[in-house]
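What follows is each chain in one-letter form.
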Amino acid sequence: MPARRPASGPTGGGQRFRGDIQGLRAVAVLSVLGFHAGLPFMSGGFVGVDVFFVISGFLITGLIDREIGRTGRLQLGRFWARRIRRLLPATAVVLAAVGVMTLLVLPVTRWSSVAWDIATSALYVVNWRLADQSVNYLATDDAPSPVQHFWSLAVEEQFYIVWPLIILLVLWLQRRYRLPLTKAMLTGIAAIGVPSLIWSIVLTQTSPGPAYFVSTTRLWELAIGGALAILAHRIPRIPSGWAHVLGVAGLAAIVLAVVTFDEATPFPGVAALLPTLGTAAVIAAGTIGRRTVSDLVLDTSVMRDIGTLSYSLYLWHWPLLIGAAVMWGDDGGDLPVAIAVTVVGFSVVPAWLTHRIVEAPIHEAKVFVRLPGWAAVLGVGCTAIGVAAALVVATAVPKAPVHTAGDAPGAAVLDEDPADDPDGRPVDSVEFLSPDVLDAPDDVAALDGELCISDIEGTDLEGCSYGPGDAEVTVALVGDSKMHQWLTAFQRIADEHGWRIITYLKSACPLATVDIEFEGEANRDCSEYNEARYERLRDRESIDYVVTSQVASQAYLGPDGSRGAQTDAMVEDLGRVWAGLEEAGRQVIVLVDNPNPEADVMECVAEHGDELSDCAFPRDEGAARGGAPAQLAALENADGVSSVDVNDYICPGDTCPAVIGNVLLYRRGSHLTATYVASLTPRLDDALLAAMR
């Protein structure tokens, strides 16, 4: 990521110190810090990472190009040695600190996941892990990782490994076929950059989650900087007047992206062209060797100093924000902006210490210049520190106690009329929990051992079937993850009555014909999936009942759609969909969504084992979140559509408890544990039979 501040004046190999680039690093890191702090006027500050990518592509390619120009070859060992001593020591320090912070501050429920994050960060592949989690049903409700920001470092490290090898291949082809060197280098860059840009545009539209993290959608940004470095010796011919215009326009493009983009902007894709080309314009303007108008902002002592610390600032600010969110955040884990800005400001302290004590001394140590082989030892040691930190966190995870199902009755302790049952009231402590908070994330519903729910991305109409093929009653379970959470109970009910169960479940995709929002835009995969799902439900005559539930209460009407209009659209659409299924001969039964807590109940229980009542929440507030409001509104005008509501056995009184009958109710987010759902089987069975015609 950002580089240290070199000494002023020319450097080896003819490279001069670029104060404007150091200032660009400051712009990049300040944008990221402001975005993470929640400053409203920096809603697009995430583009600072893209600024870094272009700078890195320019500097690294320029370094390689100058070495080839001087010696006619590229010494890979020395190149990688420079990268190792520049980047890895500070990384090792921060990863070790994150390991300590995890054990001291974060809930124990996060330790195992964070351990994997630290390990993959140390190995610089965490971006691929995050890409997988962005569409993984079991990970979509996970809290942010304290090393989540390492994804961009992983992209750059992968670039540093692959890019020199590609250049060596280009050199071999250039010499073999006697091509002009500049033309060969630019062709090689284009062969990587153009397909990467096209793929970035396509994947951003089809799979926005992975598109943000994977390396293949970002290589073109580094390639822009690389192409600029190859052409740098030609750019001084630009008239100084045009250089002034380029610098100002480029800086304006970056600022425009920072203040106008937000999390709803499809990114990277086409949108990333604005900050990346803006960065390229600023760098190009500075190649004329004279001060430009943009230097009045960038090439100042303050901006150069911030640029000097930018790498360490980037490393430290995010873990500190995550730790602060645990200690001082609200029920949703969000920090007030004032506190977040204070924490980000404080990150200057560890950043400065890391730069002065670790980063600069090791990078400038003469032993690594004279003996570059020792850099490999340094790299292995730094990586080992990160992996060791991950192992320490992983081994510190306590073993969950084992209890039999009979020890924890769950909903079975509640009376037929649970409203006044003392067993349904919040308590401060219990003798034991089932599942334990450490096992709760994996206490997920299944049908005959199969997960039976499609990930967020994809359009294939996949499903599971269970029970005899000649059953007299066939029930289709349809909806998103809030329908999926009931599979365990439905399997038991099917066994009891000899029913056949089939599933058409997709994460973040309720049964609807309107668009559903995902990451700030319409979920096209869900729309296509729903079209096929609705048609299948209408055409498959063996289906007797369609049982559906959902967490979504709003359709997506575009970025300017009001909350009320989007709710009305969802309500109207649900009535239309249910009526269509009823006309096709399917009885629709709506399973009303359970109350949704604002905070993570599972993590709260892990932190307040003797004060469990602190993890309770008002039922009316929980009922206003999730899918219930839209479901209940649609049911008012849905003639013939039945409903099942067992929420009195989930939240018996005015306050929803975290534990009933020694069973933890919630795992991640608003999803019920499979153990509690299983204890609700008799109640759900009775309600279903009463609703069936």
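Just above sits the structure.
Overview of the structure.

Calculation notes
- Residues numbered from 1 in each chain as written.
- Predicted model: local features only at pLDDT ≥ 70, side-chain atom pairs only at ≥ 80, totals over all residues.
- Heavy atoms only, no water.
- Helix = DSSP H or I, 4+ residues; strand = E, 2+ residues; numbered from the N terminus.
- Rg over C-alpha atoms; globule rule 2.2 N^0.38 Å.
- Buried < 20%, exposed > 50% of the residue type's maximum accessible area, 1.4 Å probe, protein only.
- Contact = heavy atoms within 4.5 Å.
- Areas by Shrake-Rupley, 256 points an atom, 1.4 Å probe, with all protein chains shown as cover.
- Phe/Tyr/Trp six-rings, centres within 6.5 Å; stacked < 30°, edge-to-face > 60°.
- Core = buried A, V, L, I, M, F, W, Y, C linked by side-chain atoms within 4.5 Å.
- Pairing = 2+ DSSP bridges.

Within the protein, the secondary structure is distributed over 26 helices and 12 strands. The C-alpha atoms of the protein give 29 Å as radius of gyration, which agrees with the globular expectation for 693 residues (26 Å, within 12%). A total of 693 residues make up the protein; the buried ones form 56% of that total. A separation of at least 24 residues holds for 81% of the contacts in the protein among residues at least 6 apart in sequence. A total of about 28200 Å² of accessible surface is found on the protein, and carbon and sulfur atoms cover 58% of it.

Moving on: the packing of aromatic side chains. Scanning the entire structure with this criterion turns up 12 aromatic pairs. With 5.8 Å between their ring centres and 85° between their planes, Trp 151 and Phe 213 make a pair best called edge-to-face. Pair noted here: Trp 151 is in helix α6 (residues 150–177) and Phe 213 is in helix α8 (residues 208–213), with a separation of 62 residues, a long-range link. By relative accessible area, which is 5% here, Trp 151 ends up buried.

To continue, consider the nonpolar core. Here is a general trend for soluble globular proteins: nonpolar side chains tend to be buried in one another's company. Membership of the largest hydrophobic core comes to 173 residues, with the highest contact counts inside it found for Trp 486 and Phe 490. When neighbours within four sequence positions are excluded, Phe 490 is seen to be in contact with Leu 477, Met 483, Ile 501, Val 547, Leu 591, Leu 684 and Leu 688. Listed in part, the 31 residues of the second largest apolar core include Tyr 534, Leu 574, Val 588 and Leu 635.

All right, on to unusual backbone geometry then. Residue Pro 268 is bonded to the preceding Phe 267 through a cis peptide linkage, with omega at 10°. One can find Pro 268 in the loop between α10 (240–260) and α11 (273–286). Despite not being glycine, Arg 178 shows a phi value in the positive range, around 55°. Relative to the helices and strands, Arg 178 is located in the loop between α6 and α7 (181–206).

Within strand β7 (residues 587–591), five of the five residues are buried, which leaves the element mostly enclosed by the surrounding structure. Here β7 shows no split at all, with Gln 587, Ile 589 and Leu 591 on one side and Val 588 and Val 590 on the other all buried. Strand direction decides the pairing type here: strand β6 (residues 545–549) and β7, joined by four bridges, are parallel. Along β7, the bridge assignment pairs Thr 548 with Val 590.

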